[in-house]
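Each chain, letter by letter, is given below.
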Amino acid sequence: MSKRDYYEVLGVSKNASEAELKKAYRRLAMKYHPDRNSGDGAEEAEKSFKEAKEAYEVLSDAQKRTAYDQFGHAGVDPSMGGGGPGGFGGGNANFSDIFGDVFGDIFGGGGGRGGSRVHRGADLRYNLQLSLEDAVAGTTVKIRVPTMVKCNVCSGTGAKKGSKPKTCDTCGGHGQVRMQQGFFSVQQTCPTCHGKGSVITDPCSACHGVGRVEQHKTLSVKVPPGVDTGDRIRLAGEGEAGENGGPSGDLYVQVQVKEHEIFSREDNHLFCEVPISFVTAALGGELEVPTLDGKVKLKIPAGTQSGKLFRMRGKGVKPVRGGAVGDLLCRVMVETPVNLTDKQKELLRQLEESMQGSVEKHSPHSTTWVDGVKKFFESMGF
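Residue indices begin from 1 for each chain and proceed along its sequence in written order. Totals for whole chains, interfaces and linings use all residues, but because this is a predicted model, local features are given only for residues with pLDDT of at least 70 and pairs of side-chain atoms are given and counted only at 80 or more. Water and hydrogen atoms play no part in the side-chain values, which are based on all heavy atoms of the structure.

Runs of E in the DSSP output that reach at least two residues are strands. Runs of H or I that reach at least four are helices, and both are numbered from the N terminus. Mapped onto the elements, L124 comes out in strand 1 (residues 124-130). Measuring from C-alpha to C-alpha, the distance between L124 and V145 comes to 9.1 Å, with 21 residues separating the pair along the chain. If near-sequence neighbours (up to four positions away) are discounted, L124 is found in contact with V145, P146, T147, E238, G239, E240, D250, L251 and Y252. In this analysis, two residues are considered to be in contact whenever any of their non-hydrogen atoms come within 4.5 Å of each other.

In this section: the sheet that holds strand 15 (residues 328-334). Note on pairing: two strands pair once DSSP finds at least 2 bridges between them. As summarised here, the arrangement of the four strands in space is 10-11-15-14, forming an open sheet in which the pairing is mixed. The open sheet has two free edges, formed respectively by strand 10 (264-266) and strand 14 (309-312), since each of these has just one partner strand. Averaged over all neighbouring strand pairs, the angle between strand axes comes to 30°, with direction disregarded. Bridge analysis of strand 14 against strand 15 gives four bridges, and the strand direction is antiparallel. By the bridge assignment for strand 15, M312 is matched with L328. Each axis is a line fitted through C-alpha atoms, taken for helices only over the stretch in contact, and angles between the N-to-C directions span 0 to 180 degrees.

It is the contact of helix 2 (residues 18-32) with helix 3 (residues 42-59), at a shortest axis distance of 9 Å, that shows an interaxial angle of 165°. Comparing their axes, helix 3 and helix 2 come out roughly antiparallel. Crossing angle aside, the handedness with which helix 2 passes helix 3 is left-handed. Touching L21, K22, Y25, L28, A29 and Y32 of helix 2 are A45, S48, F49, A52, K53, Y56 and L59, all from helix 3. Residue composition of the contact of helix 2 with helix 3, by class: 10 nonpolar, one polar and two charged. Orientation labels follow simple angle bins: below 35 degrees gives roughly parallel, above 145 gives roughly antiparallel, 65 to 115 gives roughly perpendicular, and whatever is left gives oblique. By convention, the crossing between two helices is left-handed when the near helix turns anticlockwise from the far helix through less than a right angle, and right-handed when the turn is clockwise. Residues were grouped as follows: Ala, Val, Leu, Ile, Met, Phe, Trp, Tyr, Cys and Pro as nonpolar; Asp, Glu, Lys and Arg as charged; and all remaining residues, including Gly, as polar.

We now examine a nonpolar patch on the surface. Only residues whose relative accessible area exceeds 30% and that form no salt bridge are eligible for patches; like-charged ones are grouped when within 9 Å, while nonpolar side chains (Val, Leu, Ile, Met, Phe, Trp, Tyr) are grouped when within 5 Å. Here the accessible surface of atoms and residues is derived via Shrake-Rupley with a 1.4 Å probe, and residues count as covered only by protein chains that are part of the display. When a carboxyl oxygen of Asp or Glu lies within 4 Å of a side-chain nitrogen of Lys or Arg, that pair is called a salt bridge. Residues F278, V279, L283, L348 and L351 make up a contiguous nonpolar surface patch of roughly 450 Å² in combined accessible area. Every element with two or more residues in the nonpolar patch is listed here: helix 7 (278-283) and helix 8 (342-354). Of the residues forming the nonpolar patch, the biggest block, three residues, is contributed by helix 7. On the secondary structure map, V279 appears in helix 7.

So, about the packing of aromatic side chains. Between 30 and 60 degrees the pair is tilted, below 30 it is stacked and above 60 it is edge-to-face, where a pair is any two Phe, Tyr or Trp rings, Trp via its six-membered ring, whose centres lie within 6.5 Å. Applying the stated criterion across every chain yields a total of three aromatic pairs. An angle of 45° between the planes, with centres 6.1 Å apart, marks the rings of Y7 and Y68 as tilted. In this pair, Y7 is assigned in helix 1 (residues 6-10) and Y68 in helix 4 (residues 62-71), connecting sequence segments 61 residues apart. Measuring from ring centre to ring centre gives 4.6 Å for Y25 and Y56, while their planes differ by 5°; the resulting arrangement is stacked. Remark: Y56 occurs in helix 3 and Y25 occurs in helix 2; sequence separation between them is 31 residues. Pair check on accessibility: Y25 and Y56 agree, each one buried. An aromatic cluster is present here, built from Y6, Y7 and Y68 joined pairwise through their rings. Taking NZ or CZ as reference, R232 lies 4.3 Å from the ring centre of Y252, over its face. With a 1.4 Å probe rolled over the protein chains alone, any residue whose accessible area is under 20% of its type maximum counts as buried; one over 50% counts as exposed, and the rest are partly exposed. The criterion for a charge sitting over a ring is simple: Lys NZ or Arg CZ within 6 Å of the ring centre, and within 35 degrees of the ring normal.

A separate point is the pattern of salt bridges. Evaluation of the coordinates by the stated rule reveals 16 salt bridges. Where E46 meets K50, a salt bridge forms, and the shortest distance between an N and an O atom there is 3.4 Å. Of this pair, E46 and K50 both sit in helix 3, separated by four residues, roughly a single helical turn. A salt bridge links D123 to R120; the shortest N-O distance between them is 3.1 Å. Taking relative accessible area as the criterion, D123 reaches 38% and is therefore assigned partly exposed. Using a relative accessible area of 45% as the deciding quantity, one classes R120 as partly exposed.

This brings us to unusual backbone geometry. The backbone of H208 sits at a positive phi, close to 60°, despite the residue not being glycine. Along the chain, H208 falls in the loop between strand 6 (198-199) and strand 7 (212-223). The backbone of D267 shows a phi angle near 60°, a positive value even though the residue is not glycine.

A few words on the nonpolar core. Of all hydrophobic cores here, the largest spans 36 residues; its most connected members are I143, V221, V223, L251 and V253. If near-sequence neighbours (up to four positions away) are discounted, L251 is found in contact with L124, R125, Y126, I143, V145, L219, I233, R234, L235, E238 and G239. Grouped together as the second largest cluster of nonpolar side chains are 20 residues, Y7, A16, L28 and A55 included. To qualify as a nonpolar core, a set must consist of buried Ala, Val, Leu, Ile, Met, Phe, Trp, Tyr and Cys residues joined through side-chain atoms within 4.5 Å.

This is the structure:
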């Protein structure tokens, strides 16, 4: 039985490019693959698969394709008198190479042939502690970061000056080797060059063949106003240098705001506790409270209870991602007098006696609480 024309098998024209050949073969290989065909049509699918494989192997090889174009099947089939240096069936073809070239991207392959693989440098992280004042207002700080930079002696090649890396004999510069697992050819990182595609036989004395050296560098970091703990500032290209001339990684500055003696922060609001005297709480008054912008006056109305919140609008934080400025919320805490003299104790007793009989007027919360306790005891039968 005569063989079909290889161009007809793949469904391409005689002037098809290498990319068109590969695309056509991939489509047919996926369609007729034995794993995708079972049952009654399995045998025919296997024949079509082998036919497409044979056609692609010939037409993807420039020398074999030339022979085929001139002499047809006789130019590449040893059984028909062909073969020779470019003959199909001469024993030199390796289907795993063809399969890997076409489906290499599926199994993690890819990359150019020959030469060293380039790798992007690692990202770095730097923990930056800031005061609340600097975090709210924004600032510029200098940081010193240890990192790996390109070796100037060997220009990052890792090889001694005057020499150069040698193509890896194990993988032939691919950086990967193919392992045959049944029908499939699976690519794995080369164990000799570890994916670089080359080995260094005469390493640089400065970096010992690594191509990079450790160095400290000082960077200026601009901290925008409103940052908070957990925010990150990215410095592009300030991470570790890449291998074999690859791009540098990034540096991420992780912000941590230190605890403040007076203020605490929640989103864009600030909170603080303001202690006031018993007399000020009872009679009212005015006192100075701090803000991040300076001192302001806070009016305390007569009869203020401990724990009451006073809101000072616009005295909080402007969010780093935009939005309205927050508020400062002052919680007043009434302090109970301590270390009283005998005279002071007597005055307090006189004050208490003067309020007897009018508790509801002077202590409304206490009266409400006592009434609630009485009702609770009655309901429980105490």
